[in-house]
Amino acid sequence: MPAAKRDEQQKVRAGLSEMEGRLLVLEVVAMTSLALVLDTSGRDDDSTMGRNVLHMIRDAVDNKCTEMGLSDEASTTAQSYAEELLGTAMTALFPSRH
């Protein structure tokens, strides 16, 4: 394989690795932040705060998909991924309920 093509493939792999690393960090920050918000909303006086946050996240994902003009498939993927993150955060907080 020519050296130029090999160098190009290495750059692509390095770029994908960087994106994977950044995505992992964003997922951890998102789940941790969400868990903290939902955990602190468990008090009786703030019982609806957690539900409001969940609804707000779902609405924001839907709105952003529309705003960006994502295809139906990409929108469905984004919504599924949001539900996965929400479910993971909820399971981490309330393991006996899920």
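Residues numbered from 1 in each chain as written. Predicted model: local features only at pLDDT ≥ 70, side-chain atom pairs only at ≥ 80, totals over all residues. Heavy atoms only, no water.

## Let's talk about the overall build of the protein
Alright, step 1. When you go through the protein residue by residue, the secondary structure sums to three helices and zero strands.
Alright, step 2. Starting at the N terminus and ending at the C terminus, the protein contains elements arranged as α-α-α.
Alright, step 3. Within the protein, the proportion of its 98 residues that are buried is 15%.
Alright, step 4. Taking as baseline every contact in the protein between residues at least 6 positions apart, the subset at least 24 positions apart corresponds to 51%.
Alright, step 5. For the protein, the exposed area adds up to about 7,500 Å²; of that, 59% sits on carbon and sulfur atoms. (Helix = DSSP H or I, 4+ residues; strand = E, 2+ residues; numbered from the N terminus. Buried < 20%, exposed > 50% of the residue type's maximum accessible area, 1.4 Å probe, protein only. Contact = heavy atoms within 4.5 Å. Areas by Shrake-Rupley, 256 points an atom, 1.4 Å probe, with all protein chains shown as cover.)

## So, the confidence of the model for the protein
Alright, step 1. Summary statistics for the protein give a mean pLDDT of 81 and a share of 84% for residues scoring 70 or more.
Alright, step 2. Looking at the elements of the protein, mean pLDDT is at its lowest for helix α1 (residues 3-40), recorded as 79, and at its highest for helix α2 (residues 49-68), recorded as 89. (pLDDT = per-residue confidence, 0-100.)

## Section: the nonpolar core
Alright, step 1. With seven residues, the main nonpolar core is built from L34, L38, V53, L54, L86, A89 and M90.
Alright, step 2. Of all the secondary structure elements, the ones that give two or more residues to this core are α1, α2 and α3 (72-93).
Alright, step 3. At three residues, α3 tops the list of elements feeding residues into this core. (Core = buried A, V, L, I, M, F, W, Y, C linked by side-chain atoms within 4.5 Å.)

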